[in-house]
Amino acid sequence: MNMLIFIIAGLLVHCVFLASIFDIYFTSPLVHGMTPQRTPLPPPAKRLVLFVADGLRADTLYELDDNGTPQAPYLRNIIEYKGSWGVSHTHVPTESRPGHVALIAGFYEDVSAVAKGWKENPVEFDSVFNESKYTWSWGSPDILPMFAKGASGDHVYTYCYTAEKEDFGAQDATKLDTWVFDHVKNFFQAARSNQTLFSKVNEEKVVLFLHLLGIDTNGHAHRPNSREYKDNIRKVDEGINDIVSMLEDFYGNDGKTAFILTSDHGMTDWGSHGAGHPSETLTPLIAWGAGVNYPQKVTFQFFEDEFLKEWKLEKWKRLDVNQADIAPLMASLIGVPFPLNSVGILPLDYLNNSAHFKAESMFTNAVQILEQFKIKMTQKKETTLSFLFTPFHSQMLRRTDVTTLYCHHNLSSLCMHRLRLLSDTEQINILRKARSYIHQEKYHEAVSLCKTLISLALEGLSYYHTYDRLFLGISVVMGFVGWTSYVILLIVKTHTSLTRSTHDKASTVLLLYGFAAIGVLIAFFLLIQTCPWTYYIYCLLPVPVWYAVVKEFRVIQDLASLLLVFPLGQSIGFLVAGALGIEILVFSFFYRSTLTVGLIAFAGWPLITRLWAQAKVTTLCWTLLCLLLAMFPLMPVVGREPNISLVTVAGLVILLISSFFLACLCKSKNKYVPKKDLTILLFQMLSIALSTYVVNSTHSSLHHKQGLPVINQIISWTTLASSLFVPLLSPTFFFQRLLSILLSLMSPYLLLSTGYEALFPLVLSGLMFSWIYMEKEALQHYDDSLKPKLAVLNFSYTTDITQFRQLHLDDIRRSFFFVFFIVTAFFGTGNIASVNSFDPASIYCFLTVFNPFIMGSLLVWKIVIPFVLVSCAFEAVQVTTQLSSKSLFLIVLVISDLMALHFFFLVKDYGSWLDIGTRAVTWE
């Protein structure tokens, strides 16, 4: 019963700690209650056409081919003669949903929003579409519905093709873009004969959104440097040319249409996106038409990326923006209110309008962002006691900003100090000053002041968004340290012979009352501040945890006494070794080569402990397999081409191993082999042979653009399903059961592999078998009376708990080995935290139609398979070394919690899925 309570308490504590990450680091930055702000002057355009070429890289669009011909001749002509151009710098994670939200709503969506759904709106937000009079959109069902659902009223119309058309194995993915262009043409053709529709499309403040997914689909399927990807760009270029000509004809060349072409994200050379490589974050931006500046020729311009010379565009001024800046640009062009949650700064260089219009637009931009700051500050004031509230004080205001404001805006040093605080009074004063400049036609000064105000307001938004981060972090860490301390005391008390202390009931009662009083005070403090209910959990959880720790003060006394008589040199040595081991595990999450160093050290373990003298063959196998496995973390996880021949080799090797085992079974004279066991083994061998064939057949079919064969898909899903239960039917003897698990899991792993990673489970499982035998030898090395027999080990037998021994120091090493092997299983060939480190081709044997949840689940299962192999081996080690699973589990829990304590301080709420996930998932 006590163990059950402990497990429930442990699950509860860790669930709370995991949930705290999202409250501390990943809460939505959005606020509500702002007033819409629009430029008071007439806009230059009546309508806006937004082309988003999903997955289009800036360098691929702007570069010339080997013959000096542009990839997109029509768009190149726009750059040189009709419009403005530049690079839009996207924020990571470079995924479709956050990219479109930044483009159309003007803010960078947080991780928690994406985690709640790709097609639904996890948070309410405003957008340019919502502010428009009418928006018509054509494209992917994964993108368009979220803007229609988030719009107020019924003025955002979507026309989507079916999800089944998003097929990576399709013969021609350009059909996705052709579908969009054709439907836009048909729409306007219908508008000529439909008076209601005709009047709507001729209204002001109209947006036409064309989402073009073909380039992204071809990039995933064939890579961005492929002929298919570049041909798709030419198709899009021709389609845009046709749409522009059609719209100009439809509207009678009225000069009131603005056009913008951009992309949500780029793509790596290996066909993925999500991280922060320049090929993913640099996207094209080309604008032309009503209200947009014409090309500006320059004699010199400098950019660190040095792409201008490569693109042959040195003479035309390049105007770079942040991706969120495009939303206020679109709003300004057609005269709609800036999206309420936008943090974009209007790129004035793109506007072809009067200085007055630019100043008014920038003033509107400043007011719109300042509104968010005011709401955020008010919300935080209402939930904080006045004497504890610390207002925003800018630490980042640059000296140049101070000089500009002081010299050009005649602000005193006292006013400058208040400006840094951005108090309500100073906000009003600065806005009045900016308005005064506009009235005096000092437009440059007004723009300069507004830009500085925007910079401060954005900094203040971030300050109040993270206001409680330190307070909550301290509370969580206190609870976490308390829990880890309690687990250590529990190990010492129940699984060692180091202490035999008992509780003092009187002292326990006093402690209970004392901690109860502390809990009441904390609850009262949170209550008077009207804190959210989750704050009560995070702040009160340390109270019972530390009560449980302090209640074991007798154990703490005995442990302290023992440590005092222990040789100081050995104590320091054990501490250093433990700390070094934890740091190696932590470093391995960021530098995979650390795993190689660790495995090389493991290879020398038998030599240090002299185990090699009593088990030379086992030691040789252990050393060779450690060195072989050490090669995998050094191999690239991204940027590699599929190598199906290595998958075939892995399939043949596992077939040879299973055939050898089958031959040994058949030749065995002393043992009867049941027919059922032979049938299961033959079925598993057949599954591996079929998996090897399906991988080769599928990739050959896709290479020849014949799609995914249905029979291959059926075999793949059947193999995956059978692999989950077939091992349960195998014999329960040690070697047979572990081999059966390996054979069953290798079939789906082969189907999910595209290269060298197919060999990884083979080497890992070989090392796991060696580990089990090495631990058997180690146990005999330290205690000659313990001689486990692996040949007769049966997992179905109930273990006699009287045979369990107490823990000793070598068991800490065993637990460390397990945690290290688990980390190796996770990071040996990829990164559990980021789907960007996996090749999308991995799942082509199961499906080629875009489905993020199924694809993600398959990739997660691919990661879990090596984990299962290590876990099964650890169970065998536990039985072999005659330890209770509880004792080793507690040591593993302490090691994991110490690692988690590191990761808690390393969690990031910005960066790529790889950066975010490495820190967030490791904490989990």
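Reading guide: rules and limits
Residues numbered from 1 in each chain as written. Predicted model: local features only at pLDDT ≥ 70, side-chain atom pairs only at ≥ 80, totals over all residues. Heavy atoms only, no water. Helix = DSSP H or I, 4+ residues; strand = E, 2+ residues; numbered from the N terminus. Buried < 20%, exposed > 50% of the residue type's maximum accessible area, 1.4 Å probe, protein only. Contact = heavy atoms within 4.5 Å. Areas by Shrake-Rupley, 256 points an atom, 1.4 Å probe, with all protein chains shown as cover. Core = buried A, V, L, I, M, F, W, Y, C linked by side-chain atoms within 4.5 Å. Expected span 1.5 Å × (residues − 1). Arc of directions from axis to C-beta. Pairing = 2+ DSSP bridges. Axes fitted to C-alpha atoms, helices over the stretch in contact; angles between N-to-C directions. Parallel < 35°, antiparallel > 145°, perpendicular 65-115°, else oblique. Left-handed = near helix turned anticlockwise from the far one by under 90°. Nonpolar A, V, L, I, M, F, W, Y, C, P; charged D, E, K, R; others polar. Salt bridge = Lys/Arg side-chain N within 4 Å of Asp/Glu carboxyl O. Phe/Tyr/Trp six-rings, centres within 6.5 Å; stacked < 30°, edge-to-face > 60°. Lys NZ or Arg CZ within 6 Å of the ring centre and 35° of its normal. pLDDT = per-residue confidence, 0-100.

K.L.:
Even after reading the chapter, I still don't get the overall build of the protein, so can you show me in this structure?
P.N.:
A count of helices and strands for the protein gives 37 helices and eight strands. For the protein, with 924 residues in total, the buried portion stands at 56%. Intrachain contacts of the protein at a sequence separation of at least 6 include 79% that bridge at least 24 residues. Of the roughly 40,100 Å² of accessible surface on the protein, a fraction of 63% belongs to carbon and sulfur atoms.

K.L.:
Sorry, what's going on with the nonpolar core here?
P.N.:
Soluble globular proteins tend to pack their nonpolar side chains together in the buried interior. One finds Phe602, Trp622, Leu767, Trp771, Phe821 and Met899 to be the most contacted residues of the largest nonpolar core, which totals 125 residues. Looking at which element gives the most residues to this core, the answer is helix H35 (residues 852-880), with twelve residues. When near neighbours in sequence (up to four residues on either side) are disregarded, Phe602 contacts Trp622, Cys626, Phe816, Phe817, Phe820 and Phe821. Counting 71 residues, the second largest nonpolar core, distinct from the first, contains Leu30, Met146, Ala290 and Ile438.

K.L.:
Got a minute to help me understand the environment of Ser497 in this structure?
P.N.:
By the secondary structure assignment, Ser497 is in the loop between helix H20 (469-495) and helix H21 (505-528). For Ser497 and Leu807, which are 310 residues apart along the polypeptide, the C-alpha to C-alpha distance reads 8.5 Å.

K.L.:
Any chance you could explain helix H18 (residues 424-439) here in plain terms?
P.N.:
Along an α-helix, residues three or four apart share an orientation, since each turn contains 3.6 residues. With 16 residues, H18 ought to run about 22 Å at 1.5 Å a step, and its terminal C-alpha atoms sit 23 Å apart, in line with that. All of the buried residues in H18 are Glu426, Gln427, Ile430, Leu431, Ala434, Tyr437 and Ile438. Angularly, the buried residues of H18 cover 135° about the axis, an arc narrow enough to put them on a single face. Exposed side of H18, more than 90 degrees from the buried face: Arg432 and His439 are the residues found there. One or two steps after H18, the chain reaches Glu441, where phi turns positive at roughly 60°.

K.L.:
Quick question: what am I supposed to make of the sheet that holds strand E4 (residues 156-160) here?
P.N.:
To summarise the sheet geometry, strands pair through backbone hydrogen bonds and adopt either a parallel or an antiparallel arrangement. As summarised here, the arrangement of the eight strands in space is E4-E3-E5-E1-E6-E7-E2-E8, forming an open sheet in which the pairing is mixed. Looking at the sheet topology across the chains shown, the edges are occupied by E4 and strand E8 (321-322). As judged from the six bridges shared by strand E1 (residues 47-53) and strand E6 (residues 257-262), these two strands associate in the parallel manner. Note on E6: the bridge partner recorded for Phe51 is Leu261. In the packing of helix H3 (residues 73-81) onto the sheet, the strands contacted are strand E2 (83-89), E6 and strand E7 (282-289), and the crossing angle to E7 comes to about 65°.

K.L.:
Any chance you could explain the side chain of Thr283 here in plain terms?
P.N.:
Following the sequence through the fold, Thr283 ends up in strand E7. Apart from the residues within four sequence positions on either side, Thr283 is in contact with Leu56, Ala58, Gly86, Val87, Ser88, Thr90, Thr262, Ser263, Asp264, His265 and Gly266.

K.L.:
Is there a simple way to explain unusual backbone geometry in this structure?
P.N.:
Most peptide bonds are trans, and most residues other than glycine sit at a negative phi. The phi torsion at Lys205 lies on the positive side, around 60°, for a residue other than glycine. With respect to the helices, strands and loops of the structure, Lys205 is situated in the loop between helix H9 (195-201) and strand E5 (206-212). Unlike most non-glycine residues, Thr530 shows phi in positive territory, near 50°. Within the secondary structure, Thr530 is located in the loop between H21 and helix H22 (533-540).

K.L.:
Would you mind going over the pairing of E6 with me for this structure?
P.N.:
Along any regular strand, the residues point their side chains to alternate faces of the sheet. The buried fraction of E6 is high, at six of six residues. Alternating positions in E6 separate into two faces, Thr257, Phe259 and Leu261 on one and Ala258, Ile260 and Thr262 on the other, with burial throughout. Here five bridges tie E6 to E7, and the two strands are oriented antiparallel to one another. Pairing of Ala258 across the sheet is with Gly289, part of E7.

K.L.:
Any chance you could explain the packing of helix H1 (residues 2-24) against helix H36 (residues 885-904) here in plain terms?
P.N.:
Think of two packed helices as two axes; the pair is described by the angle between the axes and how far apart they sit. Remark: H1 packs on H36, axes separated minimally by 13 Å, with the N-to-C direction vectors making an angle of 15°. Considering their axes alone, H1 and H36 lie roughly parallel with respect to each other. Two packed elements cross with a definite hand, and for H1 against H36 that hand is left-handed. From H1, Met3, Phe6, His14, Ser20 and Ile24 reach across to H36, where they touch Lys886, Phe889, Leu890, Leu893, Asp897 and Phe904. In the contact of H1 with H36, the residues fall into seven nonpolar, two polar and two charged.

K.L.:
What should I look at first to understand the pattern of salt bridges in this one?
P.N.:
Where side chains of opposite charge bring their charged atoms close, a pairing between them can arise. Enumeration over the complete set of coordinates arrives at 24 salt bridges. Between Asp231 and Arg227 there is a salt bridge whose closest N-O contact spans 3.4 Å. With Asp231 and Arg227 both in helix H11 (residues 227-250) and four residues apart, this pair spans about one turn of that helix. According to the relative accessible area criterion, Asp231 is partly exposed, its value standing at 30%.

K.L.:
Whenever I open this one, the packing of aromatic side chains confuses me. Can you help?
P.N.:
Geometrically, a pair of aromatic rings is defined through the distance of the ring centres and the angle of the planes. All chains considered together, the criterion is met by 58 aromatic pairs. Ring plane angle 20° and centroid distance 5.7 Å describe the contact between Trp136 and Tyr157, whose orientation is recorded as stacked. Here Trp136, found in strand E3 (residues 134-139), pairs with Tyr157, found in strand E4; they are 21 residues apart in sequence, far enough to count as distant. Given a relative accessible area of 2%, Trp136 falls into the buried group. You can call Tyr157 partly exposed: its relative accessible area is 21%. Between Phe389 and Tyr467 the ring centres are 5.8 Å apart and the planes differ by 25°, which places this aromatic pair in the stacked class. Linking Phe389 in the loop between helix H15 (355-382) and helix H16 (399-409) with Tyr467 in the loop between helix H19 (443-465) and H20, this pair joins segments that are 78 residues apart in sequence. One exposure class covers both Phe389 and Tyr467, and it is buried. Ring-pair connections join several aromatic residues into one group, and the members of that group are Tyr134, Trp136, Trp138, Tyr157, Tyr159, Phe187, Phe188, Phe198, Phe250 and Tyr251. Over the ring of Phe363 we find Arg435, and its NZ or CZ is 4.4 Å from the ring centre. In this arrangement the basic side chain of Arg813 is found over the ring face of Phe817, its NZ or CZ atom lying 4.9 Å from the centre.

K.L.:
What is the right way to read the confidence of the model for the protein from this model?
P.N.:
Taken residue by residue, the protein gives an average pLDDT of 84. The fraction at 70 or more is 87%. Within the protein, E6 carries the highest mean pLDDT (97), whereas helix H37 (residues 913-923) carries the lowest (43). Note on residues 114-119: pLDDT under 50 across the span, and 14 contacts to partners over four residues away in sequence or across chains. Long-range and interchain partners of residues 912-924, a stretch whose pLDDT sits below 50, account for 50 contacts in this model, where long-range means more than four residues apart.

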